[in-house]
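These are the residues of each chain, in order.
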Amino acid sequence: MSVGRKERVTLVLAALTVLVLALSVPGSLREAWERGGLYIFSREFLIDLPKRLFGPGRFRFILQPLVAMTLGVAAGRADARAGRSPYLYALLLGSEDRARLARSALRDVANIMLVGILLDSVCQWLILGASYLGAALVVGPVLIAFPYAAARALTNRATTALERRRAR
């Protein structure tokens, strides 16, 4: 996919996501007012988690992390070939590369991150009858960020170790 087309897809996904989240705001605010707190920090959130795992849209709990790990493996191999530090190590402890690594990761996973947020919000409407802004902004990205970062870091280490072994 060309860079221009990928950017257009990202913009369309971002617009859809913002629209769905904007539609979620009134209901989320009303619920927060009635509940006396935010849904994401409530007991109901924890009770509703199993409904998400077994209700409509449950396949995304497999598909999204798998796609994120695939992108992480590709990025980790590229990091190893370029001689860069493992992703998590460089992101947490590397001062000069931190911004570049964060931009690289965001560029790699922007679309699946947006789809994750969008899917979580839509699935909340289907399963729970309402969409909660905070939960959509947390659950969707968690399904992407951790698998991506772990796969990128582990692949870098494994690729570097294999290349060292082959060099001997």
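The model shown is predicted, which means the values in this text are computed figures rather than measured ones.

Caption draft 1: Molecular detail of the overall build of the protein. The number of helices and strands found in the protein is six helices and zero strands. Across the protein, helices and strands are ordered from the amino to the carboxyl terminus as α-α-α-α-α-α. By principal-axis analysis of the C-alpha atoms, the protein measures approximately 65 × 35 × 30 Å. When the 168 residues of the protein are sorted by exposure, 38% land in the buried category. The contacts of the protein with a sequence gap of at least 6 include a subset with a gap of at least 24, amounting to 77%. For the protein, the distance from the average position of its 23 positive side-chain charges to the average position of its 11 negative side-chain charges is 8 Å.

Caption draft 2: Representation of the environment of Ser-131 in the model. Of note, Ser-131 is situated in the loop between helix H5 (98-128) and helix H6 (133-167). Ser-131 sits 11 residues away from Asp-120 along the chain, and the two C-alpha atoms are 8.4 Å apart. Those residues within four positions of Ser-131 in sequence are excluded, and the remaining contacts are Ser-24, Ser-28, Ser-121, Gln-124 and Trp-125. A polar contact of 2.8 Å, which involves the side chain of Ser-131, links it to the side chain of Ser-24. Of note is the side chain of Ser-131, whose polar atom sits 2.5 Å from the side chain of Ser-121.

Caption draft 3: Structural detail: the side chain of Ser-121. Relative to the helices and strands, Ser-121 resides in helix H5. Among residues more than four places away in sequence, those in contact with Ser-121 are Val-20, Leu-21, Ser-24, Ser-131 and Ala-136.

Caption draft 4: Expanded view of the environment of Leu-133. Residue placement: Leu-133 occurs in helix H6. Distance in space between the C-alpha atoms of Leu-133 and Val-20 is 9.2 Å, their sequence separation being 113 residues. The residues touching Leu-133, leaving out its near neighbours within four places in the chain, are Leu-21, Ser-24, Val-25 and Ser-28.

Caption draft 5: How the structure looks around a positive patch on the surface. Residues Arg-157, Arg-164, Arg-165 and Arg-168 make up a contiguous surface patch of positive charge. Of note, Arg-157 is situated in helix H6.

Caption draft 6: A look at the nonpolar core. In terms of nonpolar packing, the biggest core is built from 16 residues, with Tyr-87, Val-109, Ile-144 and Tyr-148 touching the most fellow members. Listing elements by their share of this core, those giving two or more residues are helix H3 (60-81), helix H4 (87-93), H5 and H6. Among the elements that make up this core, the one with the highest residue count is H5 (six residues). Residues contacting Val-109, with those up to four places away along its chain left out, are Leu-71, Ile-144 and Tyr-148. One finds Ala-130, Tyr-132, Ala-135 and Val-139 within the second-largest nonpolar core, a separate group that totals seven residues.

Caption draft 7: Region of the structure containing H6. Helix length check: H6 (35 residues) gives 51 Å between terminal C-alpha atoms against 51 Å at 1.5 Å per residue, within 8%. Largest kink in H6: about 35 degrees, centred on Val-142.

Caption draft 8: Quick look at the packing of H5 against H6. Between H5 and H6, the least distance of the axes is 7 Å, while the angle of their chain directions is 140 degrees. Put simply, H5 runs oblique to H6. Judged by the twist between their axes, the crossing of H5 over H6 is right-handed. The residues of H6 that touch H5, namely those facing Leu-101, Ser-104, Ala-105, Asp-108, Val-109, Ile-112, Met-113, Gly-116, Ile-117, Asp-120, Ser-121 and Gln-124, are Ala-135, Ala-136, Leu-137, Val-139, Gly-140, Pro-141, Ile-144, Tyr-148 and Arg-152. In the contact of H5 with H6, the residues fall into 13 nonpolar, five polar and three charged.

About the cut-offs
Residues numbered from 1 in each chain as written. Predicted model: local features only at pLDDT ≥ 70, side-chain atom pairs only at ≥ 80, totals over all residues. Heavy atoms only, no water. Helix = DSSP H or I, 4+ residues; strand = E, 2+ residues; numbered from the N terminus. Buried < 20%, exposed > 50% of the residue type's maximum accessible area, 1.4 Å probe, protein only. Contact = heavy atoms within 4.5 Å. Lys, Arg positive; Asp, Glu negative; His and termini not counted. Charge placed at Lys NZ, Arg CZ, Asp CG, Glu CD. Polar contact = N/O pair within 3.5 Å; in protein donor to acceptor, adjacent residues only side chain to side chain. Patch = residues over 30% accessible without salt bridge, like charges linked within 9 Å, V, L, I, M, F, W, Y side chains within 5 Å. Areas by Shrake-Rupley, 256 points an atom, 1.4 Å probe, with all protein chains shown as cover. Salt bridge = Lys/Arg side-chain N within 4 Å of Asp/Glu carboxyl O. Core = buried A, V, L, I, M, F, W, Y, C linked by side-chain atoms within 4.5 Å. Expected span 1.5 Å × (residues − 1). Bend = angle between axes of the 7 residues up to and from the residue. Axes fitted to C-alpha atoms, helices over the stretch in contact; angles between N-to-C directions. Parallel < 35°, antiparallel > 145°, perpendicular 65-115°, else oblique. Left-handed = near helix turned anticlockwise from the far one by under 90°. Nonpolar A, V, L, I, M, F, W, Y, C, P; charged D, E, K, R; others polar.

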